[in-house]
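The chain contents come next:
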Amino acid sequence: MRVFVAIDLDDEVRAKIARFLEGVRGFAPDVRWVHPESLHITLKFLGEQKPEQVASITERLQLVAGKRAEIRFAGYGFFPTAKAPRVFWIGIQAGPELVELASGIDSALAELQIPREDRPFSPHLTLARGGGGSGSPKLRKGDGPNSTFAELQKRLGAMSALDFGTMTAREFFLYQSQLSPGGSKYTRLQRFSLH
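A short tour of the structure in this document, coming up. (Residues numbered from 1 in each chain as written. Predicted model: local features only at pLDDT ≥ 70, side-chain atom pairs only at ≥ 80, totals over all residues. Heavy atoms only, no water.)

### Quick notes on the sheet that holds strand β5 (residues 85-94)
The 5 strands are arranged β2-β6-β5-β4-β7 in an open sheet whose pairing can be described as antiparallel. Each end of this open sheet is capped by a strand with a single partner; those strands are β2 (32-33) and β7 (163-169). Bridge count between strand β4 (residues 69-80) and β7: 5 bridges; the pairing is antiparallel. Across the sheet, residue Ala74 finds its bridge partner in β7, namely Asp163. Its contacts with the sheet put helix α1 (residues 11-24) on β2, β4, β5, β6 (124-129) and β7, and the angle it makes with β7 is roughly 150°. (Pairing = 2+ DSSP bridges. Helix = DSSP H or I, 4+ residues; strand = E, 2+ residues; numbered from the N terminus. Contact = heavy atoms within 4.5 Å. Axes fitted to C-alpha atoms, helices over the stretch in contact; angles between N-to-C directions.)

Encoded structure:
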């Protein structure tokens, strides 16, 4: 099973982003746009895990004592760089609670021999992927100057600052990701409360 840990968006923020996507999708027709209903804030990607391992992961996640977090969705950027764009994302601003939650999850799962993250937690919402489809922020082989997002970048530069509002994260989820020709399908496996 391909699994990950994430926070879901509230309906109001999701609706604002969906409206924005409708308006800009045509400016980068050759990239893969994310379906608004599948938007989420990834806290940790766990990759392929056996069903019995997923049961252990669930037990460990129940011990994570996370706090509720205020999260603001504003601004945008491109990975790995604006001149060699492969991923278009929306920025996420949050207090220390979100970083502490991601760190707590990382530590809890390290006890199951799941590798810790090798870079600081940097939350963002991926909206579109071009060039091979990888969502990695790191520079990869084959990345280089390209015009995939050129029209979109021009239009974004002419818009006022992007702000999609704020939400309070009261829970997080363990999700299963199933790859299909129409894009990934995400299923909630387990809910965990934040206090």
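### Some thoughts on the pattern of salt bridges
For the structure on display, the rule yields 10 salt bridges. In this structure, Asp8 engages Arg14 in a salt bridge whose closest nitrogen and oxygen atoms are separated by 2.4 Å. Arg14 carries the same exposure label as Asp8, and that label is buried. The partner of Glu151 in a salt bridge is Arg155, with the nearest N and O atoms 2.7 Å apart. With Glu151 and Arg155 both in helix α4 (residues 150-158) and 4 residues apart, this pair spans about one turn of that helix. The exposure class assigned to Arg155 is partly exposed, which follows from its relative accessible area of 38%. Three or more residues joined by partner-sharing salt bridges are found here, namely Asp8, Arg14 and Arg188. (Salt bridge = Lys/Arg side-chain N within 4 Å of Asp/Glu carboxyl O. Buried < 20%, exposed > 50% of the residue type's maximum accessible area, 1.4 Å probe, protein only.)

By themselves these figures say nothing about function.
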